[in-house]
Amino acid sequence: MSTDTAAAPVESAPASPETKRARKHRKFSPWSVVAWIVALGFFFPVAWMVLTAFKQEGDAYTTPPKLFFTPTLDQFKAVLDSGIGTALLNSAFATAVSTIIVLVLGVPAAFALSLRPVRKTKDALFFFISTKMLPIVAAIIPLYVIVNDIGLLDNIWALIILYTAMNLPIAVWMMRSFFLEVPGEILEAASMDGASLWTSVREVILPLVSPGIAATALICVIFSWNEFFFAVNLTAVQAQTIPVFLVGFITGEGLYWARLSAAATLAALPVILAGWVAQNKLVRGLSFGAIK
């Protein structure tokens, strides 16, 4: 007689009432309600700005504020007619070029300080981050003199150089932490398979750390797009960026709330869209290596 018996299918046991209650509590945790309240609290100023942008100036000044009004696009039309396009192009050009230069310089530096460390790595890292310890206002006078002497006053390339120098230390520190999460054995295995260093970096390392590089790039974009101090002191008309343009709505006659809100909405829209498009890579990049 054969001793082989067919294995009976194993049926999963039904969830107990305690398990169902635990799942229900996880779905309706009070902490999620608190998180939503905090998130809405942070988002409320942005929502109020967008709402005010569709008001007339008279409706924007009322006390208490008007929640019900007739929407209008007059403020957006006035902002577009006032020349915001030039400021947007200047900000976009300075932000894009400086971010590209930061990545071109920062990725090799971060790689050299992580997977292929050089001598006195800690000294080099401290030198990078020490450039952020000096207050910008303490350096603006010598910077102004230098920029004026080399003929780059009110020139967009002066801002590109300064934005690159401003973001490069942070980018190197961020990308180094992402590179450190890559096991060194991967690079050794690629080398044993005959891949050159450049091929290993291009085909193996960069795809692994691409979320971190995307997160670093987005942070550099945000810092460059919102930078005001360099722009207001080193530009006038030709290289005026969007933060400097917004100051023009604060006049001695008063503050134009509705028009300023419309201009601020147009100014924030490109960065919000960039963050929304890259949100998956941003979350993966900022949490890179948090879970092993």
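Placed above this text is the structure.
The model shown is predicted, which means the values in this text are computed figures rather than measured ones.

S.K.: Which parts of the structure should I look at to understand the pattern of salt bridges?
M.R.: Where charged atoms of side chains with opposite charge meet at close range, the side chains can pair. If you walk through the whole model with that rule in mind, you get three salt bridges. Across the pair D81 and K77 runs a salt bridge whose closest N-O atoms are separated by 3.2 Å. Taken together, the residues D81 and K77, both in helix α4 (residues 74-81) and four residues apart, mark about one turn of the helix. Ionic pairing is found between R202 and E203, a salt bridge with its closest N-O pair at 3.2 Å.

S.K.: What is the right way to look at the layout of surface pockets in this model?
M.R.: Taken as a whole, the largest pocket encloses approximately 420 Å³ of empty space. L143, L162, A165, M166 and F230 are the residues nearest the centre of the largest pocket, which is lined by 17 residues in total. Broken down by secondary-structure element, the contributors of at least two residues to the lining of the largest pocket are α7 (136-149) and α8 (156-180). Among the residues forming the lining of the largest pocket, the class breakdown is 15 nonpolar, one polar and one charged.

S.K.: When you look at the packing of aromatic side chains in this model, what are you seeing that I'm missing?
M.R.: The description of an aromatic ring pair rests on the distance of the ring centres and on the angle between the ring planes. Throughout the structure, instances matching the rule amount to four aromatic pairs. Measuring from centroid to centroid gives 5.1 Å for F54 and F76, while their planes differ by 55°, and the two rings are tilted. Of this pair, F54 sits in the loop between α2 (30-53) and α3 (57-60) while F76 sits in helix α4, placing them 22 residues apart in sequence.

S.K.: It is not clear to me how the packing of α4 against helix α13 (residues 257-277) should be interpreted in this structure. Could you clarify?
M.R.: For any two helices packed against each other, the geometry comes down to the angle between their axes and how far apart the axes lie. For the pair α4 and α13, the least separation of the axes is 8 Å and the interaxial angle reads 70°. One element, α4, and the other, α13, form an angle in the roughly perpendicular class. Crossing angle aside, the handedness with which α4 passes α13 is right-handed. Touching Q75, F76, A78, V79 and L80 of α4 are A258, R259, A262, A263, T265 and L266, all from α13.

S.K.: Please explain a nonpolar patch on the surface as it appears in this structure.
M.R.: Together, W31, V34, V38 and F42 give the surface a local cluster of nonpolar side chains, amounting to about 490 Å² of exposed area. Structurally, the position occupied by V38 is in helix α2. We classify V38 as partly exposed; its relative accessible area is 42%.

S.K.: How do you make sense of α4 when you look at a structure like this?
M.R.: In an α-helix, one full turn covers 3.6 residues, which means residues spaced three or four apart are oriented alike. For α4, the full list of buried residues reads Q75, F76 and V79. For α4, the buried positions fall inside an angular range of 100° around the axis, keeping them on one side. Away from its buried face, by an angle of more than 90 degrees, α4 presents the exposed residues K77 and D81. Elements in contact with the buried residues of α4: α2, α3, α5 (84-112), α12 (242-247) and α13. Following α4 by one or two positions, G83 has its phi on the positive side, about 95°.

About the cut-offs
- Residues numbered from 1 in each chain as written.
- Predicted model: local features only at pLDDT ≥ 70, side-chain atom pairs only at ≥ 80, totals over all residues.
- Heavy atoms only, no water.
- Salt bridge = Lys/Arg side-chain N within 4 Å of Asp/Glu carboxyl O.
- Helix = DSSP H or I, 4+ residues; strand = E, 2+ residues; numbered from the N terminus.
- 1 Å grid on protein atoms, 1.4 Å probe; cavity = no way out; pocket = protein on both sides within 12 Å on 5 of 7 lines; lining within 4 Å.
- Points joined across faces, edges and corners; volume = space filled by probe spheres on them.
- Nonpolar A, V, L, I, M, F, W, Y, C, P; charged D, E, K, R; others polar.
- Phe/Tyr/Trp six-rings, centres within 6.5 Å; stacked < 30°, edge-to-face > 60°.
- Axes fitted to C-alpha atoms, helices over the stretch in contact; angles between N-to-C directions.
- Parallel < 35°, antiparallel > 145°, perpendicular 65-115°, else oblique.
- Left-handed = near helix turned anticlockwise from the far one by under 90°.
- Contact = heavy atoms within 4.5 Å.
- Patch = residues over 30% accessible without salt bridge, like charges linked within 9 Å, V, L, I, M, F, W, Y side chains within 5 Å.
- Areas by Shrake-Rupley, 256 points an atom, 1.4 Å probe, with all protein chains shown as cover.
- Buried < 20%, exposed > 50% of the residue type's maximum accessible area, 1.4 Å probe, protein only.
- Arc of directions from axis to C-beta.

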